[in-house]
Amino acid sequence: MDTSVSKALQDKLYDRRKAGALDLESIIRNALADGNHDKIGKIVHQLCHDYAYAVHQPHARNGGLIGLAAAAIALGSEVARYLKEIVPPVLACFSDQDARVRYYACESMYNIAKVAKGEVLLYFNDVFDALCKLAADTELSVKNGAELLDRLVKDIVSESAATYASILVPEAAIGDDEGETPDQSVEVSTAFSLPRFIPLLQERIHVLNPFTRTFLVSWITLLDSIPDLELVAFLPNFLGGLLKFLSDPNQDVHTTTKVALDRFLTEIKKIAAVKKGIADSRRSREEKDRKASGSSEAAVMSPESEHVEPEPVEGEEQGLPVPPTAANDEFETKAEDGDSTLNISQDGDDNDENDVEDEWIPGQDVQIDYQRILEILVTFLSESREEEIQVTALKWIETFFDICPEDILVFTPRLLAQLLPALSHDVDLVKQAAIRVNQALMAYIMSLPEDGAKAGSQTDTAQGATQTQPTQASAPSSTSFVPTIKALQTNGEARRESTPNVRSARRVVSPEPAETQARTPQAMTPEPQTEQKPLSENVPHTELDYEAAVNALTLQFLHEHEATRVAALAWLIMLHRKSPRRILAIQDATLPALLKTLSDPAESVVTRDLLLLSQISKSS
């Protein structure tokens with residue numbers, strides 16, 4: 001730089017530093033017009049190391065920041081090759097102790113990003129980290145400057161994050177891609193990388209400052225609104241931190257977080273619906289292909305059979321009337337014409353269906369780790385006592401019964417340990433959400449195939465039928481339940497025919513103590529195995545851990561609220577009726593607890609306890 005410009009950039013007055021930056025801008029423009037990149041590189045190096053990194057000289061540091069911004073403006077589209085030297089010193093000034101230096105760093109970075117545009121996305125993680133810290137800055141001017149820079153970076157990310165590739169990457173890869181096809185050479189990584197950003201977000205999501213939390217939620221909402229990024233696929237990495245935001249006393253943080261979580265849940269439901277629709281269309285297409293192939297084989301075989309029969313009749317040894325050859329030829333031509341038209345129609349249908357299948361639907365390629373999300377939700381149910389967090393977790397789990405109920409089965413014992421106490425929660429929202437999840441979980445487990453002996457299932461059901469008739473005839477008290485059992489059997493069969501839509505079966509089972517003393521055990525009794533075999537063939541079956549589930553239910557006998565104890569016994573009755581062999585195998589530890597529960601002060605608890613003990617005694 002010229003001596004006059006160097007002195008002006010170090011002046012303590014802002015106007016003189018600004019005048020020096022304007023002179024520097026004209027110098028760089030002239031050098032760029034002459035193609036003198038060596039001079040430009042030396043000027044940028046001098047600005048970085050002699051000015052911007054001058055920690056103990058605040059005026060020189062401010063001059064370096066405004067000088068780097070002027071250099072970026074002068075370079076214009078050529079700034080990309082110099083960003084590697086320009087951006088780091090500006091980012092270093094964001095953590096300066098002097099508030100004025102931090103403000104000028106925001107101003108300088110704003111001007112650099114405005115010129116660089118998509119190229120600045122190569123340094124997105126560093127810029128985001130600096131902005132995340134400045135969001136909680138105590139100086140109002142610094143916070144305002146950071147907000148302006150944040151808005152600009154958000155605009156750049158919304159426009160370019162999904163598609164922009166740095167102009168520097170193809171130049172370095174031109175020599176390597178000469179022998180490749182155009183399709184292969186086009187595959188260049190974008191400047192913004194979501195997998196590189198997620199670890200930083202995962203680290204920052206645990207902050208406590210409400211301004212930083214609002215900043216993070218705004219960025220999460222923005223990134224989720226960009227369709228091609230698919231932020232929802234990385235949701236398990238930061239879902240726990242978002243759920244903690246719901247307990248923030250700041251109303252803005254609470255509201256924005258709730259809106260963001262609702263958006264994610266809606267997106268997950270849409271993705272699941274898209275994948276289900278694609279699977280159904282593929283399945284229907286395969287069935288059509290199978291039927292079409294069968295009909296074409298029948299059409300092909302019918303003329304062959306006609307040809308095979310008349311062949312031995314040439315000597316008229318069998319005395320059968322020989323059809324005229326003209327008729328045979330006419331029949332053959334008709335069959336061939338029919339066959340050709342059939343094939344043409346099939347080809348037309350196949351082309352239409354292939355065209356439909358080849359269409360890309362947003363969300364069909366997104367992979368969501370439901371098990372990790374459920375692990376987080378169940379953990380927050382057990383560890384958090386915040387009502388909003390519990391309601392949100394239960395709402396998500398209820399939605400997952402329509403999407404991936406087989407993944408919830410693994411968490412059943414842990415879920416029951418938190419779900420049953422929530423049935424008697426003081427807050428009505430939590431109680432109602434727990435009741436819905438409890439009904440959905442019970443309905444899904446009832447719809448599962450029998451875990452007992454599949455080979456001897458028919459003999460067991462036959463023996464059970466022969467045993468129940470004499471007992472019902474001999475016991476006068478049980479005859480009053482016969483019509484309700486038959487009605488519930490028909491209702492149960494209709495309900496099982498509608499699976500896997502579990503939501504339609506949720507209202508059948510209700511663990512309320514008022515009506516379920518006689519209805520819930522009887523409603524869970526008729527579970528034949530014949531209707532459940534197709535479900536086990538289509539859906540991958542995950543085993544339920546009966547021992548862990550029974551242990552979790554037995555611990556609820558000590559709960560202070562009657563509704564929880566009644567629900568625990570209702571679960572044990574259902575599990576015993578569904579798989580008595582499993583329950584009998586672990587009844588040694590459960591039986592003392594059941595006998596002790598006979599002294600419970602609640603009549604509904606004792607009634608259910610007696611019913612379960614009678615079931616166990618009959619089975620054993």
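The protein carries the name Vacuolar protein 14 C-terminal Fig4-binding domain-containing protein in an unreviewed UniProt entry, which gives Hortaea werneckii as its organism.

Undergrad: Would you explain the packing of aromatic side chains in this entry?
TA: Applying the stated criterion across every chain yields a total of 13 aromatic pairs. An aromatic cluster of at least three residues, connected via ring pairs, comprises F124, F128, F192, F197, F215 and W219. The residue whose ring lies beneath K143 is F211, and the NZ or CZ to ring-centre distance is 4.1 Å.

Undergrad: Just checking my understanding: could you explain empty space enclosed by the protein for this structure?
TA: A probe matching the size of a water molecule, rolled over the atoms, marks out where space remains unfilled. In the structure shown here, the tally under the stated rule is 3 cavities of 30 Å³ or more. Roughly 40 Å³ of internal volume is contained in the second largest cavity. Lining the second largest cavity, in full, are V550, L572, I583, T590, L594, L612 and I616. Among the secondary structure elements, those contributing two or more residues to the lining of the second largest cavity are helix 28 (587-597) and helix 29 (603-619). Taken together, the residues that form the lining of the second largest cavity break down as 6 nonpolar, 1 polar and no charged.

Undergrad: I'm lost on the packing of helix 4 (residues 58-75) against helix 6 (residues 99-116) in this one. Help?
TA: The angle between the axes and the distance between the axes are what describe a pair of packed helices. Relative to each other, helix 4 and helix 6 sit at 10°, their axes nearing to 8 Å. As the angle between them shows, helix 4 and helix 6 are arranged roughly parallel. Contact with helix 4, carried on its side by P58, R61, N62, L65, L68, A69, A72 and I73, involves R100, V101, Y104, A105, S108, N111, I112 and V115 of helix 6 and no other residues of that element. In terms of residue class, the contact of helix 4 with helix 6 is made up of 11 nonpolar, 3 polar and 2 charged.

Undergrad: Quick question: what am I supposed to make of the nonpolar core here?
TA: Grouped burial of nonpolar side chains is what soluble globular proteins tend to show. Among the nonpolar cores identified, the biggest contains 159 residues, and W396 and F400 are the most heavily contacted of them. Sort the elements by how many residues they give to this core and helix 20 (residues 428-447) lands first, with 11 residues. The residues contacting W396, other than those within four sequence positions of it, are L235, L239, L261, F264, L265, I268, I373 and L377.

Undergrad: Help me understand a negative patch on the surface in this model?
TA: Taken together, the side chains of E386, E387, D426 and E560 make up a negatively charged region of the molecular surface. On the basis of relative accessibility, which here comes to 40%, the residue E386 falls in the partly exposed class.

Undergrad: Before we go on, may I ask you to explain the confidence of the model for the protein in this structure?
TA: The predicted structure's coordinates, where accompanied by low pLDDT, should not be read in detail. Summing up the model confidence of the protein, the mean pLDDT is 78 and the portion of residues at 70 or higher is 71%. Across the protein, the secondary-structure element scoring lowest on mean pLDDT is helix 23 (residues 519-524), at 36, and the one scoring highest is helix 12 (residues 210-224), at 96. Across residues 452-540 the pLDDT falls below 50, and counting only partners more than four positions away or on other chains, this stretch makes 93 contacts in the model.

Reading guide: rules and limits
Residues numbered from 1 in each chain as written. Predicted model: local features only at pLDDT ≥ 70, side-chain atom pairs only at ≥ 80, totals over all residues. Heavy atoms only, no water. Phe/Tyr/Trp six-rings, centres within 6.5 Å; stacked < 30°, edge-to-face > 60°. Lys NZ or Arg CZ within 6 Å of the ring centre and 35° of its normal. 1 Å grid on protein atoms, 1.4 Å probe; cavity = no way out; pocket = protein on both sides within 12 Å on 5 of 7 lines; lining within 4 Å. Points joined across faces, edges and corners; volume = space filled by probe spheres on them. Helix = DSSP H or I, 4+ residues; strand = E, 2+ residues; numbered from the N terminus. Nonpolar A, V, L, I, M, F, W, Y, C, P; charged D, E, K, R; others polar. Axes fitted to C-alpha atoms, helices over the stretch in contact; angles between N-to-C directions. Parallel < 35°, antiparallel > 145°, perpendicular 65-115°, else oblique. Contact = heavy atoms within 4.5 Å. Core = buried A, V, L, I, M, F, W, Y, C linked by side-chain atoms within 4.5 Å. Buried < 20%, exposed > 50% of the residue type's maximum accessible area, 1.4 Å probe, protein only. Patch = residues over 30% accessible without salt bridge, like charges linked within 9 Å, V, L, I, M, F, W, Y side chains within 5 Å. Areas by Shrake-Rupley, 256 points an atom, 1.4 Å probe, with all protein chains shown as cover. Salt bridge = Lys/Arg side-chain N within 4 Å of Asp/Glu carboxyl O. Lys, Arg positive; Asp, Glu negative; His and termini not counted. Charge placed at Lys NZ, Arg CZ, Asp CG, Glu CD. pLDDT = per-residue confidence, 0-100.

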